[in-house]
Amino acid sequence: MKSVKVPINKSKAIRLFVFFVLGVMLSSLFVLKPQFFVKGNYYGFVKVVGYIGTVIFVLAATVVSNKVFNRKPGLQIDSEGLTDGSMGVLFSKVLWKDIAGFKKLHAAGENFIAVMVKHPQNIISSEPNPVKRKMLELNFQTLNTPVNIAASRLKMDFDQLYALVQEAFDKKGLAVSE
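Residues numbered from 1 in each chain as written. Predicted model: local features only at pLDDT ≥ 70, side-chain atom pairs only at ≥ 80, totals over all residues. Heavy atoms only, no water.

Participant: Is there a simple way to think about the pattern of salt bridges in this case?
Facilitator: Two side chains with opposite charge may pair up if their charged atoms get near one another. Scanning all chains against the criterion turns up seven salt bridges. The salt bridge involving Lys134 is made with Glu137; its shortest N-O contact spans 3.7 Å. Of this pair, Lys134 and Glu137 both sit in helix H4 (residues 130-143), three residues apart, which is roughly one turn of that helix. Its relative accessible area of 28% is what places Glu137 among the partly exposed residues. Bridged by salt links that share partners, the residues Asp78, Glu80 and Lys93 form one connected network. (Salt bridge = Lys/Arg side-chain N within 4 Å of Asp/Glu carboxyl O. Helix = DSSP H or I, 4+ residues; strand = E, 2+ residues; numbered from the N terminus. Buried < 20%, exposed > 50% of the residue type's maximum accessible area, 1.4 Å probe, protein only.)

Participant: Just to check I follow, could you spell out the packing of helix H1 (residues 11-32) against helix H2 (residues 44-69) for this structure?
Facilitator: Between two packed helices, what matters for the description is the angle formed by their axes and the separation of those axes. Two elements in contact, H1 and H2, have axes whose closest approach is 8 Å; the angle formed by their N-to-C orientations is 160°. In terms of their interaxial angle, H1 and H2 are classed as roughly antiparallel. Classified by chirality, the crossing of H2 by H1 is left-handed. Considered class by class, the residues forming the contact of H1 with H2 number 18 nonpolar, seven polar and two charged. (Axes fitted to C-alpha atoms, helices over the stretch in contact; angles between N-to-C directions. Parallel < 35°, antiparallel > 145°, perpendicular 65-115°, else oblique. Left-handed = near helix turned anticlockwise from the far one by under 90°. Nonpolar A, V, L, I, M, F, W, Y, C, P; charged D, E, K, R; others polar.)

Participant: I tried to follow the nonpolar core on my own but got confused; where do I start?
Facilitator: A general trend in soluble globular proteins is that nonpolar side chains are found buried together. The biggest cluster of nonpolar side chains holds 23 residues, and the ones touching the most others in it are Leu75, Leu82, Phe102 and Ile149. Among the elements of the structure, strand S2 (75-77), strand S5 (99-107), strand S6 (110-117), strand S7 (147-150) and helix H5 (158-171) are those that each provide at least two residues to this core. Looking at this core element by element, the count peaks at six residues for H5. Non-local contacts of Leu82, meaning those with residues more than four positions away in its chain, are made with Leu75, Gln76, Ile77, Ser92, Lys93, Val94, Trp96, Ile99, Phe102, Val115 and Ile149. (Core = buried A, V, L, I, M, F, W, Y, C linked by side-chain atoms within 4.5 Å. Contact = heavy atoms within 4.5 Å.)

Participant: Please clarify how the environment of Leu16 should be interpreted in this entry.
Facilitator: Mapping Leu16 onto the fold places it in helix H1. The partly exposed category is assigned to Leu16, whose relative accessible area is 41%. A C-alpha to C-alpha distance of 7.1 Å links Leu16 and Val64, two positions 48 residues apart in sequence.

Participant: For this particular structure, what's the right way to read the packing of aromatic side chains?
Facilitator: To describe a pair of aromatic rings, you give the distance between the ring centres and the angle between the ring planes. A complete count under the given rule lists seven aromatic pairs for this structure. Geometrically, the ring pair formed by Trp96 and Phe169 is tilted, given 6.0 Å between the ring centres and 50° between the ring planes. Taken as a pair, Trp96 in the loop between strand S4 (94-95) and S5 and Phe169 in helix H5 lie far apart in primary sequence, 73 residues in all. Here Trp96 matches Phe169 in class, with each residue buried. (Phe/Tyr/Trp six-rings, centres within 6.5 Å; stacked < 30°, edge-to-face > 60°.)

Bear in mind that shape data such as this cannot, by itself, settle questions of function.
Okay, structure coming up:
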């Protein structure tokens, strides 16, 4: 099977990045020119808000810039299985032999493809990164599967994406559930 790489839709990330950069600039203005925002000589509170805002917006811009400038695919499908990075975090590969099927989900205004795995606890415990492991646990608690593909964050139509993963699964000679 030929490897298929679906890129991340970066338009949302770019909008967020611009928003955070504007937040950094506004927060910095609170620090550098507090007299623009308050009358009198009571600048302390405005400066503290400016420092806190600057730190928060710089951290957020850094995280989002990682998504914008990252060249890794959002989803990679190959002969061994699939690797989901649609949330901006690249998880370990889920092998075809560990997948029981797929389900279409709609939650929080977004479409997801739930990857139904045979042994979800094995997928969760095999993740070496503790932050990623916690994300998998939260996915499992809320959606009954640790692996979900966020279709709206990929540069492919939801139905096309679902058909692609289902076709790849079928080619491995396994039964697919809806």
